[in-house]
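Summary of structural features
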Amino acid sequence: INYTKYEKARVIGARALQIAMGAPVLLKLSKADLEKANYSPVAIAKLEFEKGAMPIMIKRPLPESVKTA
């Protein structure tokens, strides 16, 4: 799926907030990986997004022409 830059920003931001509030990280990251990401929730969320491990889905509304067909 191709995400718009706005969808990507929204999903990464929402996941970063979850991680910052104590949600478990869904990737197996070594201590070196965490240090490379500077323990940043945003950087960790970006890694999860790039690997496809994001537990958040995007629902796009269908255009009216598709709904009636």
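Here, every reference points to the structure presented above.
Notes on the structure follow. From a predicted model like this one, the values you see are computed outputs, not experimental measurements.

1. Considerations on the overall build of the protein chain
What the protein chain contains, in helices and strands, is four helices and zero strands. Secondary structure of the protein chain in N-to-C order comes out as α-α-α-α. A compact globule built from 69 residues would reach a C-alpha radius of gyration of about 11 Å, whereas the protein chain, at 15 Å, exceeds it by more than 25%. Overall, the protein chain is about 55 × 20 × 20 Å in size when its C-alpha atoms are taken along their principal axes. Put simply, the protein chain has 69 residues, and 19% of those count as buried.

2. Description of the side chain of Glu7
Mapped onto the elements of the fold, Glu7 is located in helix 1 (residues 5-20). Since its relative accessible area comes to 15%, Glu7 is described here as buried. Discounting chain neighbours no more than four positions away, the residues touching Glu7 are Asn2, Ile58 and Arg60.

Rules used throughout
- Residues numbered from 1 in each chain as written.
- Predicted model: local features only at pLDDT ≥ 70, side-chain atom pairs only at ≥ 80, totals over all residues.
- Heavy atoms only, no water.
- Helix = DSSP H or I, 4+ residues; strand = E, 2+ residues; numbered from the N terminus.
- Rg over C-alpha atoms; globule rule 2.2 N^0.38 Å.
- Buried < 20%, exposed > 50% of the residue type's maximum accessible area, 1.4 Å probe, protein only.
- Contact = heavy atoms within 4.5 Å.

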